[in-house]
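Observations on the three-dimensional arrangement
If you want the building blocks of each chain, they are given just below.
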Amino acid sequence: QVHLVESGGGSVQAGGSLNLSCVASGFSSSSFSMAWFRQAPTKEREGVAHISGRFGDTRYADSVKGRFTISLDKDKTTVYLQMTRLNTEDTAMYHCAARGLTSGVRWFPLQSGEYTYWGQGTQVTVSS
């Protein structure tokens, strides 16, 4: 019953901006960690950004730090990824993911293997 649905992908020229959305249902993000991942055809899946629904703290990949911002809406049903200063290396299929929170256990928020639920993805294409 857990579903994640992404939207907002499209084509944009280098230097432009794009805003992705991920609507979550079947659970409360207040007790989950949410994240965005991306994968280009010739590259391994990369963790882009993470946010804790419980605490609100965030983490970013070095490649997007300062350019991308992850956030939650007021009722914590939607996760956003605001992307600015896009370049051609940002071209990829972007997926949102969710993971139930645990306590007293170290984990890695930007590792794809940590997440249980995945959306279908939305394509982002950046042209030069």
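Predicted model only: the values in this text are computed from it and were never measured. (Residues numbered from 1 in each chain as written. Predicted model: local features only at pLDDT ≥ 70, side-chain atom pairs only at ≥ 80, totals over all residues. Heavy atoms only, no water.)

1. Structural notes on the layout of surface pockets
Filter applied, for reference: Here the term cavity refers to a set of points on a 1 Å grid, laid over the protein atoms alone, in which a 1.4 Å probe fits but cannot get out; the term pocket refers to an open set having protein on both sides within 12 Å along at least five of seven lines, with lining residues being those that place an atom within 4 Å of a point. Grid points are joined across faces, edges and corners, and a volume is the space filled by probe spheres set on the points. Three categories are distinguished: nonpolar for Ala, Val, Leu, Ile, Met, Phe, Trp, Tyr, Cys and Pro, charged for Asp, Glu, Lys and Arg, and polar for the others, with Gly belonging to the last.
A volume near 210 Å³ is recorded for the largest pocket. Lining the largest pocket are 15 residues, with Ser33, His50, Asp57, Leu101 and Trp107 sitting closest to its centre. Residue composition of the lining of the largest pocket, by class: 5 nonpolar, 6 polar and 4 charged.

2. Some remarks on the side chain of histidine 50
Put simply, the test is: Segments assigned H or I by DSSP are reported as helices when at least four residues long, segments assigned E as strands when at least two residues long, and all are numbered from the N terminus. Polar contacts, as counted here, are pairs of nitrogen or oxygen atoms within 3.5 Å of one another; within protein the pair requires one atom able to donate a hydrogen and one able to accept it, and residues that are adjacent in sequence qualify only if both atoms are side-chain atoms. Should any heavy atoms of two residues lie within 4.5 Å, those residues are considered in contact.
Its place among the elements puts histidine 50 in strand β5 (residues 46-52). Of the polar contacts made by the side chain of histidine 50, one reaches the side chain of serine 33; its length is 3.2 Å. Every residue in contact with histidine 50, bar those within four places of it in the chain, is listed here: Ser33, Met34, Ala35, Asp57, Thr58, Arg59, Ile70, Trp107, Pro109, Leu110 and Tyr115.

3. Digging into the pattern of salt bridges
Definition in use: Salt bridges are identified by distance alone: a Lys or Arg side-chain nitrogen within 4 Å of an Asp or Glu carboxyl oxygen. The classification of residues rests on relative accessible area computed with a 1.4 Å probe and restricted to protein chains. Under 20% of the type maximum is buried, over 50% is exposed, and intermediate values are partly exposed.
In total, this model carries 5 salt bridges according to the counting rule given. Residues glutamate 46 and arginine 38 are paired through a salt bridge, measuring 2.9 Å at the closest nitrogen-oxygen approach. Aspartate 62 is paired through a salt bridge with lysine 65; the nearest N and O atoms lie 3.3 Å apart. For the pair aspartate 62 and lysine 65, a shared accessibility class is recorded, and that class is exposed.

4. Topic: unusual backbone geometry
A positive phi angle is found at arginine 85, which is not glycine, with a value near 50°. Turning to its location among the elements, arginine 85 is positioned in the loop between β8 (78-83) and β9 (92-100).

5. Observations regarding the sheet that holds β8
Operational definition: In short, DSSP must find at least two bridges between two strands for them to pair. Only the contacting stretch of a helix is used when fitting its axis, a line to C-alpha atoms as for every element, and angles between N-to-C directions run 0 to 180 degrees.
One open sheet accounts for 4 strands, arranged β1-β3-β8-β7; its pairing is antiparallel. Strands with a single pairing partner mark the edges of an open sheet, and in this sheet they are β1 (3-7) and β7 (68-72). Going across the sheet, the axis of each strand differs from the next one's by a mean of 15°, ignoring polarity. In the sheet, strand β3 (residues 18-25) pairs with β8 via 6 bridges, with the strands oriented antiparallel.

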